[in-house]
2 protein chains.
Amino acid sequence: MTSVPPSPRIRVRREPHRGAYDRATIDAVLDATPMCHLAFVQDGQPYAVATLHARVGDTVYVHGSAASRALRTLGGNGDGGLPGCITVSLLDGLVLARSVFEHSVNYRSVMLLGTLIALDSEADKRTALEAFTEAVLPGRWAEARQPNRQELAATTVLALPIEEASAKVRTGGPGDGHGPDAELPIWAGVVPLRRSWGQPEPDPLLPPDVLVPPSVRRLLSAQSPDSRGPR
Amino acid sequence: MTSVPPSPRIRVRREPHRGAYDRATIDAVLDATPMCHLAFVQDGQPYAVATLHARVGDTVYVHGSAASRALRTLGGNGDGGLPGCITVSLLDGLVLARSVFEHSVNYRSVMLLGTLIALDSEADKRTALEAFTEAVLPGRWAEARQPNRQELAATTVLALPIEEASAKVRTGGPGDGHGPDAELPIWAGVVPLRRSWGQPEPDPLLPPDVLVPPSVRRLLSAQSPDSRGPR
């Protein structure tokens with residue numbers, strides 16, 4: 001995992017001290033939640049669509065129905081696809097300052113630019129979907145019924161290499177504790193946002209003797225009550 | 001609040017039963033979190049940038065530094081601006097099915113398309129920023145030091161009317177409880193994702209006699225332990 005040198009268009013320009021380009025920072029954000037926003041252009045109109053992603057090594061995958069507009073637009077027609085953007089963001093808290101102007105939020109966000117590549121072969125799609133499933137919930141691939149040929153054919157998988165990438169992260173308290181506003185009797189600080197997995201809710205159609213599987217038990221046991229949560 | 005008829009480009013095409021166009025559904029998602037993704041195009045490249053938003057009536061506002069690339073690009077040069085997209089999404093849980101293929105997530109997402117309009121006058125910006133602040137944390141505008149003329153000049157506010165909008169929402173359990181996979185002894189169900197505000201963390205620079213303000217106390221008291229949380 002080497003640092004990715006920032007291109008001019010990916011470099012964080014506003015609040016550059018919040019920018020990071022090392023893969024450890026970038027990967028930690030990419031891995032912190034399975035939800036991303038995928039941006040593409042169609043007929044001059046930009047779209048940002050919420051979808052799932054998974055990082056596997058140096059690649060981020062998104063997937064969906066072979067009929068999806070976003071995936072068809074981005075994957076192209078065998079001609080190498082179109083420019084896209086994958087952004088993964090987490091809100092970590094409200095930052096209340098003395099002045100309205102200095103109010104902010106704590107957050108983590110990673111943006112990846114590049115051309116998404118559609119996987120062609122059944123074998124490549126299967127491998128990617130296994131990695132995808134394992135990235136979202138480790139152990140689940142082996143627990144569940146794996147995809148058959150029809151299901152693989154109905155699934156589009158797009159890959160974006162982590163080449164043009166930046167992270168932007170804000171942590172800590174408000175910024176006006178050393179300026180003239182610090183004398184004002186106004187409360188300032190952070191209200192953190194916590195995330196946690198709740199108790200599993202079994203499908204009512206499930207036979208009662210089918211127990212919560214190891215993948216889910218591990219997910220729940222990995223979170224401490226005080227953590228920001230794994231997602 | 002009337003229903004917005006969907007244009008062809010905003011209509012939910014994949015899983016159309018998850019699509020909704022009524023303002024009650026759309027507004028509830030827009031109001032559920034202050035973080036959105038703002039998509040724009042520059043030099044043919046789409047970008048999705050995480051930023052804050054607030055809905056005030058029939059308008060969604062985003063704001064930031066007057067030097068922000070995204071805001072300058074979208075707001076245009078007095079020529080009416082460029083097409084943009086604001087998407088607000090919340091992940092609500094992992095949906096585990098018997099088959100990998102039927103795995104999904106529960107989520108809420110709203111997409112708005114249109115041309116963002118930059119507010120020109122100091123008075124309009126002040127009014128919008130007050131509404132913005134009150135939408136993110138009701139009561140905070142009156143508690144904090146309000147923006148002066150320099151701060152207003154340094155802030156760009158863009159407005160997007162809620163005209164071309166759709167919501168896409170998935171709730172409930174996995175979809176393979178009635179098919180042939182239902183006989184497999186594989187656990188299926190939902191692992192919900194919970195959000196909650198944690199205890200306020202005062203700025204260490206704050207005098208100890210400045211107490212947590214009513215806005216924050218109300219935020220914390222409004223959340224029940226079992227709720228999905230307000231954000």
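Residues numbered from 1 in each chain as written. Chains lettered and ligands numbered in written order. Predicted model: local features only at pLDDT ≥ 70, side-chain atom pairs only at ≥ 80, totals over all residues. Heavy atoms only, no water.

Let's talk about the overall build of chain A
Where we set the bar: A run of DSSP states H or I qualifies as a helix once it reaches four residues; a run of E qualifies as a strand once it reaches two. Both are numbered from the N-terminal end. Only protein chains enter the accessibility calculation, which uses a 1.4 Å probe; a residue is then buried when its area is under 20% of its type maximum, exposed when over 50%, and partly exposed in between. Any two residues whose heavy atoms approach within 4.5 Å at even a single point are treated as in contact. In this tally, Asp and Glu contribute negative charge and Lys and Arg positive charge; neither His nor the terminal groups of the chain are included. Where a charge sits is defined by one atom per residue type, namely NZ (Lys), CZ (Arg), CG (Asp) or CD (Glu).
For chain A, the count of helices and strands is 6 helices and 11 strands. Taking the principal axes of the C-alpha coordinates as reference, chain A spans close to 65 × 50 × 35 Å. Relative to its full complement of 231 residues, chain A shows a buried share of 55%. Within chain A, contacts between residues at least 6 apart in sequence are counted, and of these 71% link residues at least 24 apart. Charge separation in chain A, taken as the distance between the mean sites of 24 positive and 25 negative side-chain charges, equals 1 Å.

Details of the interface of chain A and chain B
The figure often quoted for interface size is the accessible area lost as the parts come together. Counted only if it meets this: Here the buried area means the combined drop in accessible surface, using a 1.4 Å probe, for two parts upon being joined, counting both sides. Salt bridges, as used here, are contacts in which a Lys or Arg side-chain nitrogen is within 4 Å of a carboxyl oxygen on Asp or Glu.
Facing the 88 residues of chain A at the interface are 89 residues of chain B. Contact with chain B buries area across many residues of chain A, yet Val100, Arg145 and Trp187 of chain A alone supply 10% of it, more than any other trio. Seen at the junction of chain A and chain B, the total is 6 salt bridges. Arginine 194 of chain B is paired through a salt bridge with glutamate 201 of chain A; the nearest N and O atoms lie 3.9 Å apart.

Here's the deal with the relation of the copies chain A and chain B
Put simply, the rule is: Fitting of the copies onto one another was done by least squares over C-alpha atoms, counting residues only where both copies have pLDDT of at least 70.
For the pair chain A and chain B, the best superposition has an RMSD of 0.0 Å and corresponds to a rotation of 180 degrees with a translation of 0.0 Å parallel to the axis. Expressed as a symmetry operation, the mapping of one chain copy onto the other fits a two-fold axis. Closest approach to the rotation axis within chain A is made by the C-alpha atom of arginine 195 of chain A, at a distance of 2.3 Å. In this assembly the copies share their binding face: 100% of the residues contributing to the interface of chain A also contribute to that of chain B.

A few points about helix H6 (residues 214-221) of chain A
The condition is simple: As used here, the arc belongs to the directions running from the helix axis to the C-beta atoms.
Within H6 of chain A the residues assigned to the buried category are Ser215, Val216, Leu219 and Leu220 of chain A. One face of H6 of chain A carries all of its buried residues, which in axial projection span an arc of 130 degrees. Buried residues along H6 of chain A sit in contact with helix H4 (140-143) and strand S10 (189-197) of chain A together with strand S5 (83-96) and strand S10 (189-197) of chain B.

Overview of unusual backbone geometry
Residues and elements named next belong to chain A. Positive phi outside glycine occurs at glutamate 15, with the angle close to 50 degrees. On the secondary structure map, glutamate 15 appears in the segment before strand S1 (19-20). Since its relative accessible area comes to 30%, glutamate 15 is described here as partly exposed. The residue aspartate 43 is not glycine, and still its phi comes out positive at about 50 degrees. Inspection of the secondary structure assignment puts aspartate 43 in the loop between strand S2 (35-42) and strand S3 (45-56).

Remember, this is a structural readout, not a statement about activity or role.
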